[in-house]
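# Residue-level structural notes
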Amino acid sequence: MIPAPFDYLAPTTVEEALAALGQHGDDAKILAGGQSLLPVLRMRLNAPEVVIDLGKIHSLRGIRDDGDALVIGAMTQHSVVEHDPLVAEHATLISKAVEHLADHQIRHRGTFGGALAHADPAGDLGAPALALEAQFVIAGPAGTRTVAADDFFVDLFETAIGEDEILTEIRVPKHTGWGATYEKFVRVAHQWPIVAVAATVRVEGGTIAEARIGLTNMGSTPLRARAVEAALVGQPATEDAVRAAAAHAAEGTNPPSDLNGEAAYRAHLATVLVRRAVLSAAGTT
Amino acid sequence: MTRINLTVDGSKVSDDVEPRMLLVQYLREKLGKTGTVIGCDTSNCGACTVHLDGTSVKSCNVLAVQADGSEVTTIEGLAQDGELHQVQKSFRECHGLQCGFCTPGMIMQSVDLLKENPHPTEQEIRVGLEGNLCRCTGYHNIVKSVQHAAAQGGAQ
Ligand SMILES: Cc1cc2nc3c(=O)[nH]c(=O)nc-3n(C[C@H](O)[C@H](O)[C@H](O)COP(=O)(O)OP(=O)(O)OC[C@H]3O[C@@H](n4cnc5c(N)ncnc54)[C@H](O)[C@@H]3O)c2cc1C
Ligand code: FES
Ligand code: FES
């Protein structure tokens, strides 16, 4: 199927894009890489009157070092993030998650900001963004504001980005020297995760000094496994200690039940994947 | 209608298109390049894979207007001066196809894969082709074809 007809705008600056959004309001939809939006339009699940393509706004692309944070432009393609040496060094968790997102062709088009703005609870980037305590820079008619990861994901496919706003960049605090693993559980190739765990830890002399754990597809938004984080701190990075902490993985979650698995199955999966992810991130396996 | 200018298989083209027109439709219906095929409705199968500014994309999941100003290479533009690309030769040599429907996409993705990684392991080939589905071959001879192409210097 092909999309219903729409008018097409391709602004070259964020200001122009905001003006277009302001003018068309509800009737407009932003197009980033199109890897989630085009399937939606083709299935006629949505039929905006105007599509505003951010593809020609070059200032939204690229990754830069900004002292204690990396700044990733919203329109930076997954494949660029995947191979970026700064991301590999300072935000290893993101490199690990992007590597397993979709397939090569989709990663060449889909963007970092587009995936986060889409806020699919099964999307692979929300949990790493939460775990790394990323900050979301959002431009609107009244200027620019910054939203913490904890406040960015509101509900299923819903974020803090207002209808007249655009996500411009994502600031990721550097986690240099932290070990990281993204454990994605799928049954067939290039599928969204049934459950996935994003874990990054700082180990000091065999002891877990700090830990951040994000969960994918364990509720209507990505979630932080704070009980696990608290239980890990000060523990040795051993199988037994990590297993005990991982038992808290499903606390406070509300996993869906669908054809891929019941909620109880997902809760069990989360404990297994948290254990594997933390042990691997700590370099124990 | 929106005006687009792009280069397809080495030729400059310019057209007025409906913004909702998909790149794959543009290639097939406007330019008659039916070598690029449509195998699904969900952007899963990879049969429609082409190169957009040198990297592989699923042309059913790109609007023609998004390709404005870009360079597109389809399976029809891979052969040079009447000589098949090494990856095309290897698919023929190793019998990397049965019905052939997935083949244009498999070959375009394999070319992209070899450009990034000229000497992939078997596992790297399988992962590199994970966005391309084949209903016939069980992938065995496809993987062999890519290994053959790599051995022949197919990355060029
Ligand atoms: C076959 C297939 C497999 C996939 N597998 C996975 C997978 O395993 N894991 C995974 O995480 N994802 C997967 N995806 C989705 C992929 O990650 C998409 O690239 C991503 O979700 C959307 O990014 P995009 O740039 O293409 O955004 P688009 O599709 O262009 O936009 C997505 C949504 O976000 C909004 N939006 C985009 N950018 C902005 C912005 N800057 N400001 C405000 N709003 C914005 C759009 O209006 C739209 O509603 C898959 C997609 C396909 C087709
Ligand atoms: S037709 Fe494009 S992925 Fe199937
Ligand atoms: S050869 Fe028939 S689908 Fe691959």
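Computed from a predicted structure; not experimentally measured. (Residues numbered from 1 in each chain as written. Chains lettered and ligands numbered in written order. Predicted model: local features only at pLDDT ≥ 70, side-chain atom pairs only at ≥ 80, totals over all residues. Heavy atoms only, no water.)

### Remarks on the overall build of chain A
Put simply, the test is: Secondary structure elements are taken from DSSP: a helix is a run of H or I of four residues or more, a strand is a run of E of two residues or more, and numbering for both begins at the N terminus. The globule rule used here is 2.2 Å times the number of residues to the 0.38 power, and the radius of gyration it is set against is calculated over C-alpha atoms. Think of it in three bands: residues with accessible area under 20% of the maximum for their type are buried, residues over 50% are exposed, and the middle band is partly exposed, with areas taken using a 1.4 Å probe on protein chains only. In this analysis, two residues are considered to be in contact whenever any of their non-hydrogen atoms come within 4.5 Å of each other. Surface exposure here means Shrake-Rupley accessible area, sampled with a 1.4 Å probe, where a residue is shielded only by the protein chains that are shown. None of His or the chain ends enter the tally, which takes Lys and Arg as positive and Asp and Glu as negative. Note on charges: their place is set at NZ of Lys, CZ of Arg, CG of Asp or CD of Glu.
Within chain A, the regular secondary structure consists of 12 helices and 14 strands. Taking 19 Å as the expected radius of gyration for a compact globule of 285 residues, we find that chain A reaches 19 Å, a close match to that expectation. For chain A, the spread of C-alpha atoms along the principal axes amounts to about 60 × 45 × 30 Å. Taken over 285 residues, chain A has a buried fraction of 55%. In chain A, the proportion of contacts linking residues at least 24 apart, taken out of those at least 6 apart, comes to 62%. Total accessible area on chain A stands at roughly 11500 Å², and carbon and sulfur atoms take up 51% of it. The positive charge centre, built from 22 side chains, and the negative charge centre, built from 35, are 6 Å apart in chain A.

### Examining the side chain of histidine 51 of chain B
Residues and elements named next belong to chain B. Defined as follows: N or O atoms closer than or at 3.5 Å make up a polar contact, with two conditions inside protein: a donor-capable atom paired with an acceptor-capable one, and, for residues adjacent in sequence, both atoms drawn from side chains.
Of note, histidine 51 is situated in strand S3 (residues 49–52). We classify histidine 51 as buried; its relative accessible area is 7%. Engagement of the side chain of histidine 51 in a polar contact is seen with the backbone oxygen of methionine 108, the distance being 2.8 Å.

### Overview of the domain arrangement of chain A
Selection criterion: Domain segmentation is taken from an automatic or database assignment of domains.
By domain assignment, chain A separates into domain 1 (7–52), domain 2 (61–173) and domain 3 (179–281). For domain 1 of chain A versus domain 3 of chain A, the distance between C-alpha centres works out to 35 Å.

### With respect to the pairing of strand S7 (residues 143–148) of chain A
Let me state the cut-off plainly: Pairing between strands requires that DSSP locate at least two bridges from one strand to the other.
Pairing of strand S6 (residues 135–140) of chain A with S7 of chain A involves 6 bridges; the strand directions are antiparallel. Directly across from phenylalanine 136 of chain A, in S7 of chain A, lies its bridge partner valine 147 of chain A.

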